[in-house]
Amino acid sequence: MRCAQFRTALSARLDGEAAGLPDGRLDGHVARCAGCRDWLVQAERLRGRVAASAADGPSADWSASLLARLEEDGPGGPQR
C-alpha cells in the first residue's frame, strides 16, 4: 500500500469519516513512516487553524452587507 492511500485514510479519520483501514494499521504506518507522520502533523495543524478562524464567524462588515442586501431584496427575494 502506498503512502497516498494511508494519507487518504488519515484525512478521512481527521474529518470524522470512516478511514477504510483498521486504526492499528493506520497508526502503525504513521509510527514507521516519517513522511506520513509529518503530513499528519501538518494536516492537524491546518485543521486547527481553519476551525479557529471559522469560530470567529463572518466579519461585522460582511454581516452588515448581507443584511442590507436582504432588506433591499425584500421577503420574496431579488426584484429583477
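As shown above, the structure is provided for reference.
None of the values given here were measured: they were computed from a predicted structure.

J.: Got a sec to walk through the overall build of the protein chain? Specific residues and values, please.
T.: Along the protein chain, the regular secondary structure elements total four helices and zero strands. Counting from the amino terminus, helix and strand elements in the protein chain follow one another as α-α-α-α. For the protein chain, the C-alpha radius of gyration of 21 Å lies well beyond 12 Å, the compact-globule estimate for 80 residues. Taking the principal axes of its C-alpha atoms as reference, the protein chain extends roughly 60 × 20 × 15 Å. Counting across all 80 residues of the protein chain, residues that qualify as buried make up 20%. Carbon and sulfur atoms make up 53% of the accessible area of the protein chain, which totals about 6100 Å². One way to put it: in the protein chain the 11 positive side-chain charges average out to a point 13 Å from where the 11 negative ones average out.

J.: Describe the packing of helix 1 (residues 3–14) against helix 2 (residues 23–32), with residues and values.
T.: Relative orientation of the contacting elements helix 1 and helix 2 amounts to 120°, with a least axis distance of 11 Å. Taken together, the axes of helix 1 and helix 2 are oblique relative to one another. Judged by the twist between their axes, the crossing of helix 1 over helix 2 is left-handed. Contacts between helix 1 and helix 2 involve C3, F6, A9, L10 and R13 from the former and D23, R25, L26, D27, H29 and V30 from the latter. Per-class residue counts for the contact of helix 1 with helix 2 are six nonpolar, one polar and four charged.

Cut-offs and rules
Per chain, the residues get numbers from 1 upward, laid out in the order the sequence is written. Confidence filtering applies because this is a predicted model: local features only for residues at pLDDT of at least 70, side-chain atom pairs given and counted only at 80 or more, and all residues used for totals across whole chains, interfaces and linings. Heavy atoms throughout the structure, all of them, feed into the side-chain values; hydrogens and water do not. Think of it this way: any DSSP run of H or I at least four residues long counts as a helix, any run of E at least two long counts as a strand, and we number them from the N terminus. The globule rule used for comparison is 2.2 Å times the number of residues to the exponent 0.38, while the radius of gyration itself is calculated over C-alpha atoms. For every residue, the accessible area obtained with a 1.4 Å probe (protein chains only) is divided by the maximum for its type, and the residue is called buried under 20%, exposed over 50%, and partly exposed between those limits. For the accessible areas, the method is Shrake-Rupley and the probe is 1.4 Å, while residue cover comes only from the protein chains on display. Positive charges come from Lys and Arg alone, negative charges from Asp and Glu alone, with His and the N- and C-terminal ends not counted. Where a charge lies is defined by one atom per residue type: Lys uses NZ, Arg uses CZ, Asp uses CG and Glu uses CD. All axes here are fitted lines through C-alpha atoms, helices being fitted over the stretch that makes contact, and every angle between N-to-C directions spans 0 to 180 degrees. The scheme is simple: roughly parallel for angles under 35 degrees, roughly antiparallel for over 145, roughly perpendicular for 65 to 115, oblique for anything else. Crossing chirality is assigned from the near helix's rotation relative to the far helix, an anticlockwise turn below a right angle marking it left-handed and a clockwise turn marking it right-handed. Every residue pair with non-hydrogen atoms within 4.5 Å of one another is taken to be in contact. By the convention adopted, Pro, Cys, Tyr, Trp, Phe, Met, Ile, Leu, Val and Ala count as nonpolar, Lys, Arg, Asp and Glu as charged, and the other residues, Gly among them, as polar.

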